[in-house]
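Understanding the architecture of this molecule
If you want the building blocks of each chain, they are given just below.
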Amino acid sequence: MPIWPLKAGEIAELIDGTVEGDASVSVTDLVGIAEAGPEHLTFAADARRAKSLEQSQAGAAIVAEEPKESEKTLIRVDDVQGALVKLLAAIAPPEDVPAEGVDPAASVSPEAEVAADARIGPGVVVSAGATVAARAVLCAGALVGPKARIGENTRLAEGVVIGGRCVVGNRVRIGPNSVIGSDGFGYYMVNGAHHLVPHAGNVVIEDDVEIGACTCVDRAKFGSTRIGAGTKIDNLVQIAHNVRIGRGCLLTGQVGLAGSAQLGDYVVLGGNAGVRDNVSLGDGVQCAAYSAVAADVPAGEKVAGIPAGPAREQIRIVTAQAKLPELMKRLRELEAKVRTLESSEDH
Amino acid sequence: MPIWPLKAGEIAELIDGTVEGDASVSVTDLVGIAEAGPEHLTFAADARRAKSLEQSQAGAAIVAEEPKESEKTLIRVDDVQGALVKLLAAIAPPEDVPAEGVDPAASVSPEAEVAADARIGPGVVVSAGATVAARAVLCAGALVGPKARIGENTRLAEGVVIGGRCVVGNRVRIGPNSVIGSDGFGYYMVNGAHHLVPHAGNVVIEDDVEIGACTCVDRAKFGSTRIGAGTKIDNLVQIAHNVRIGRGCLLTGQVGLAGSAQLGDYVVLGGNAGVRDNVSLGDGVQCAAYSAVAADVPAGEKVAGIPAGPAREQIRIVTAQAKLPELMKRLRELEAKVRTLESSEDH
Amino acid sequence: MPIWPLKAGEIAELIDGTVEGDASVSVTDLVGIAEAGPEHLTFAADARRAKSLEQSQAGAAIVAEEPKESEKTLIRVDDVQGALVKLLAAIAPPEDVPAEGVDPAASVSPEAEVAADARIGPGVVVSAGATVAARAVLCAGALVGPKARIGENTRLAEGVVIGGRCVVGNRVRIGPNSVIGSDGFGYYMVNGAHHLVPHAGNVVIEDDVEIGACTCVDRAKFGSTRIGAGTKIDNLVQIAHNVRIGRGCLLTGQVGLAGSAQLGDYVVLGGNAGVRDNVSLGDGVQCAAYSAVAADVPAGEKVAGIPAGPAREQIRIVTAQAKLPELMKRLRELEAKVRTLESSEDH
């Protein structure tokens, strides 16, 4: 693993770039343009940032087409974002994992089945009937309920709770203190008292799903709450019972999906967006941050607003709203003029 | 416990229904109308769904009045939702609980008082002076602070934190990783620095309250933050210091109540709704999802919007907003016409 | 520590106040004006509350200038809020902390460095290379990753997760089940599949920061996600990768800051407010609850709304919105009148 400081020439090698300027310039860290000093590497991902590069104090910069030239040392690449990913992958320290085998401070039921090369940290609980597949990593304090299944190469971070009978696929990552398989929020009333609907179902998380920290996925009343392969979910997201999410979706922080909401493939939800219960979003739907979707949205549409409507219209509405006070004034003036016209008419 | 597959006749017995058609049809699971195959049981809870039943591939269906007849096997009941609850209660596997007694991997203070038939899981901590009553269930990793009291038949799920001196009633359920009794967000400034107001109070959770996962209830500055009997609270809800909630309320996911907010009985808050500090909602108030209540609301009212107003008006405002761009255009046209009228007047 | 019941005279001594009336009146608790009975102490922090004091049943009250006189026992002070803080500080029970040293049910790596007078509770994990400074308190179930640094007098509440290489300053308080240093939500797409951007950075939490329960702070892609000294953060707040927060800020419950958002000093965000990625808020900016900031805000401004604009304009817009249905009606009437005028013109 390469470690800072790095020379421009070494960095260029890591990211398949070409040095323009002094390849021996040494930098101690990767930093945004505004904060970079002469000892730092920075990057310009677009034309606007390429322009502001000249004002930056950075010692070296990763760039694509722009700027054409500079007094700084440039490391030129085809794709700045791609180059950053390569660089970060090269310099990122290896992920923190418990040692192979079962930590002495873990509680593994004798009726659980744990692969020999799984990594089970201190404070972990694996309950009766649960299975943990090859190379799975259960960080400190992860709790796995009865008959739950954890797939190969899957990583449960610290404090994750997996409820009984839930199924977690392969290469899944779940962030610290997230909860999979809690009871859903379903009640029926008898004589003025709310009674919990029994939640007989489970949660199924397909392969390559990634979930952030403190996110909650409720188990189904019947069948499964399901998260499709390759979907990525941020922190503090609420996914209610019987929700079904397709493949490759992106759910940003603090999103909320109410009961039985259904998402197609590659749906994108901005931060704090929500979807009403039983509402369906087609493939590729995009919902702006802070939008609240209250009715079905056809595939490919972009929506915004509370309640959400087509994003293009929403922009026009917001623009018009900003002019509302002025509009009220113009209406009053017009009313006065019309009164004048009417009264002169009367004469 | 009956286990799938089940025959239509067996299901009818579980839910007090009557079979119309082949009582020997066997089904393997309960599934929504759209996804049901010939091996599945489904249900039609309203007239619209009863209609779509004919297109469904389901092998059998639970129905009420509609449809009058069908080629499928029908299990006819008075109340479909009630029947589903009965069915789910019958087929739901028994809840996951630790064994009776104290798990060897738990830490119970010698100065705590724990009922002999309580169930204390691995990793649980019960601090000095705390009491855990009969048949209480503390799942793996639940943490109970000093002098806290946990009532009879109460269930703390995995990773729940109960702060010192908090009081949890009987038959209460608290979901995984929820936090009861953290310090509130109250600061006073001295010489440009924020200082935490000491939180001398606690949280009192009355009988039959249920709380979801990753929900936070802050302790009071003085006295108690109080949640009334039979109130149900979803996941990721924020309840600030000195909030008082009445009986039988429903707080949906990601709701937020600011400091000293006060809710009457049977108040309902939709997802992501919020209430400003010191604001009171009367009995039976209903707040739409994504509403922000900034002023007191009298009993029985329905509110919506940011800031929240009467729901009926809010619908009219939202409808009018959608017409705003058109309205701007009409205003401009009118102004032109009035100018023309005025100029012809001048002549 | 003084314990209820307390005499008015004793209370006056604790808060540097003067008794007017019977100094021997004994009260059992501090309670809000509306709920107070004759056995309670209450307080009137402003003129409106001073007025409602006469209707209150309270046995005694802390007041400033108003009311001038009362039949109740008054404890008169210069600053009611300050007096309450003094009183709460006096009566608050000492904070719950584990015993000095390492609890036998904790897992401390032999390669970690833990101060002798630190307090390490049951279920705590301190990983290899981590350091825990003097008088730090790690409550039950707190998990500290490899090479993380915990400062002096810092308190990690129950279930807190500190990721590897994160740095927590001195006198910091982090609430139960909060997560510091989870991976950020950054993905790049290769052949239709989302791939996580490696997160090579960490989180730096400066001195005197306080964070509530179930709050998430993601680690940086490169460099550090940084929270400035003396900033206070409430429950269920989402802070994304590479965010930089200045000194003395206040972030209320359920706030969300997207990637690389930047806050100056003394910024205040109301509940559920959000800031878009890469957006900067200058020193002293105030964002209303439920506002969504989508563009840079200069120092000292107050903003509100979705999307957020200047708060003063926003109030005018909201006021105008409430009149929208009426405005539509007036526009229609005006159109009719102008038609009439035009037709009479034609004759």
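Residues numbered from 1 in each chain as written. Chains lettered and ligands numbered in written order. Predicted model: local features only at pLDDT ≥ 70, side-chain atom pairs only at ≥ 80, totals over all residues. Heavy atoms only, no water.

1. Description of the pattern of salt bridges
Pairing is possible between side chains of opposite charge, provided their charged atoms come close. What the rule picks out here adds up to 54 salt bridges over all chains. The residue Lys68(A) makes a salt bridge to Glu66(A) at a minimum N-O spacing of 3.9 Å. A relative accessible area of 36% places Glu66(A) in the partly exposed class. Here Glu20(C) and Arg76(C) are joined by a salt bridge, their closest N and O atoms 2.5 Å apart. On the criterion of sequence distance, the pair formed by Glu20(C) in strand β2 (residues 18-20) and Arg76(C) in strand β7 (residues 73-76) is long-range, its members being 56 residues apart. A relative accessible area of 31% places Glu20(C) in the partly exposed class. A residue is classified by how much of its surface remains accessible, and Arg76(C), at 17% relative accessible area, is buried. (Salt bridge = Lys/Arg side-chain N within 4 Å of Asp/Glu carboxyl O. Buried < 20%, exposed > 50% of the residue type's maximum accessible area, 1.4 Å probe, protein only. Helix = DSSP H or I, 4+ residues; strand = E, 2+ residues; numbered from the N terminus.)

2. Quick word on the relation of the copies chain C and chain B
Once chain C has been moved 0.0 Å along the axis and rotated by 120°, it coincides with chain B to within an RMSD of 0.2 Å. With respect to symmetry, the two chain copies, as superposed, fit the operation of a three-fold axis. (Least-squares fit on C-alpha atoms with pLDDT ≥ 70 in both.)

3. Remarks on the sheet that holds strand β32 (residues 256-257) of chain C
Residue and element names in this part refer to chain C. Across the sheet, which stays open at both edges, the ten strands sit in the order β9-β12-β15-β18-β21-β26-β29-β32-β35-β38 with parallel pairing between neighbours. The open sheet has two free edges, formed respectively by β9 (107-108) and β38 (292-293), since each of these has just one partner strand. By the bridge criterion, two bridges tie β9 to strand β12 (residues 125-126) in an arrangement that is parallel. Across the sheet, Val108 pairs through a bridge with Val126, a residue of β12. (Pairing = 2+ DSSP bridges.)

4. Topic: the interface of chain C and chain B
With 57 residues of chain C at the interface, the matching set in chain B holds 58 residues. When the two sides are added together, the surface that chain C and chain B hide from each other amounts to roughly 4500 Å², 68% of it contributed by carbon and sulfur. Here Arg173(C) ties to Asp183(B) by a salt bridge, and the two come within 2.8 Å at their closest N and O atoms. Counting every contact that joins chain C to chain B gives 17 residue pairs in polar contact (both at pLDDT 80 or more). (Contact = heavy atoms within 4.5 Å. Buried area = accessible area lost by both parts, 1.4 Å probe. Polar contact = N/O pair within 3.5 Å; in protein donor to acceptor, adjacent residues only side chain to side chain.)

5. Observations concerning the domain arrangement of chain A
Segmentation of chain A into domains returns domain 1 (6-91), domain 2 (101-312) and domain 3 (313-346). Inter-centroid distance (C-alpha atoms) of domain 1 of chain A to domain 2 of chain A is 39 Å. (Domains from an automatic or database assignment.)

6. What to know about the side chain of Thr154(A)
Residues and elements named next belong to chain A. Within the fold, Thr154 resides in the loop between β16 (149-150) and β17 (155-156). Residue Thr154 is classed as buried on the basis of its relative accessible area of 0%. The residues touching Thr154, leaving out its near neighbours within four places in the chain, are Arg135, Ala136, Val137, Val168, Gly169, Asn170, Arg171 and Val172.

7. Some words on the sheet that holds strand β4 (residues 29-30) of chain A
Residue and element names in this part refer to chain A. The five strands are arranged β2-β7-β6-β5-β4 in an open sheet whose pairing can be described as mixed. A single partner strand is all that each edge strand has here, and the edge strands are β2 (18-20) and β4. Direction of pairing for β4 relative to strand β5 (residues 40-43): parallel, over a ladder of two bridges. For Asp29, the partnering residue across the bridge sits in β5 and is His40. Against the sheet, helix α3 (residues 80-91) touches β4, β5 and β6 (60-63), its axis set at about 125° to β6. (Axes fitted to C-alpha atoms, helices over the stretch in contact; angles between N-to-C directions.)

8. Describing the confidence of the model for chain A
Counting all residues, the mean pLDDT for chain A is 95, and 99% of those residues have values of 70 or more. Reported confidences for the modelled complex are a pTM of 0.96 and an ipTM of 0.95. (pLDDT = per-residue confidence, 0-100.)

9. Description of the interface of chain A and chain C
Facing the 57 residues of chain A at the interface are 58 residues of chain C. The junction of chain A with chain C conceals about 4500 Å² of combined surface from both sides, 68% of it contributed by carbon and sulfur atoms. By the criterion of area lost to chain C, the three top residues of chain A are Leu88(A), Tyr290(A) and Met328(A), representing 13% of everything that side buries. Where Arg244(C) meets Glu35(A), a salt bridge forms, and the shortest distance between an N and an O atom there is 2.5 Å. Between the two partners, chain A and chain C, sit 17 residue pairs in polar contact (both at pLDDT 80 or more). Those elements that provide at least two residues to the side of chain A that touches chain C are β4, α3, β28 (232-233), β31 (250-251), α4 (311-322) and α5 (324-346) of chain A. Its residues placed into classes, the side of chain A that touches chain C shows 33 nonpolar, ten polar and 14 charged. (Nonpolar A, V, L, I, M, F, W, Y, C, P; charged D, E, K, R; others polar.)

10. Points about helix α3 (residues 80-91) of chain B
An α-helical segment advances 3.6 residues per turn. Residues three or four places apart therefore align on the same side. Taking 1.5 Å per residue, twelve residues should reach 16 Å; α3(B) reaches 16 Å between its end C-alpha atoms and fits that length. Here α3(B) has its buried residues at Val80(B), Ala83(B), Leu84(B), Val85(B), Leu87(B), Leu88(B), Ala90(B) and Ile91(B). Each element contacted by the buried residues of α3(B) is listed here: β22 (187-190) of chain A together with β1 (6-7), α1 (8-14), β4 (29-30), β5 (40-43) and β6 (60-63) of chain B. Sitting at the head of α3(B), Asp79(B) places a side-chain oxygen 3.2 Å from the backbone nitrogen of Gln81(B). (Expected span 1.5 Å × (residues − 1).)

11. Structural notes on the pairing of strand β23 (residues 193-196) of chain A
Residues and elements named next belong to chain A. Taking every second residue as pointing to the same face, the buried face of β23 carries His194 and Leu196, while none of Ala193 and His195 on the other face is buried. Pairing between β22 and β23: four bridges, direction antiparallel. Residue Tyr187 lies in a different strand from β23, and its bridge partner there is Leu196. What sits between the antiparallel neighbours β22 and β23 is a turn of two residues, in which Asn191 has the positive phi angle 50°.

12. Notes on the packing of aromatic side chains
On inspection of all chains with the given rule, the structure shows six aromatic pairs over all chains. Residues Phe43(A) and Phe222(C) carry aromatic rings whose centres are separated by 5.7 Å and whose planes lie at 90° to one another, so their mutual orientation is edge-to-face. Residue Phe43(A) is found in strand β5, and its partner Phe222(C) is found in the loop between β26 (216-218) and β27 (224-227); the two belong to separate chains. Phe222(C) shares its class with Phe43(A); the two are buried. (Phe/Tyr/Trp six-rings, centres within 6.5 Å; stacked < 30°, edge-to-face > 60°.)

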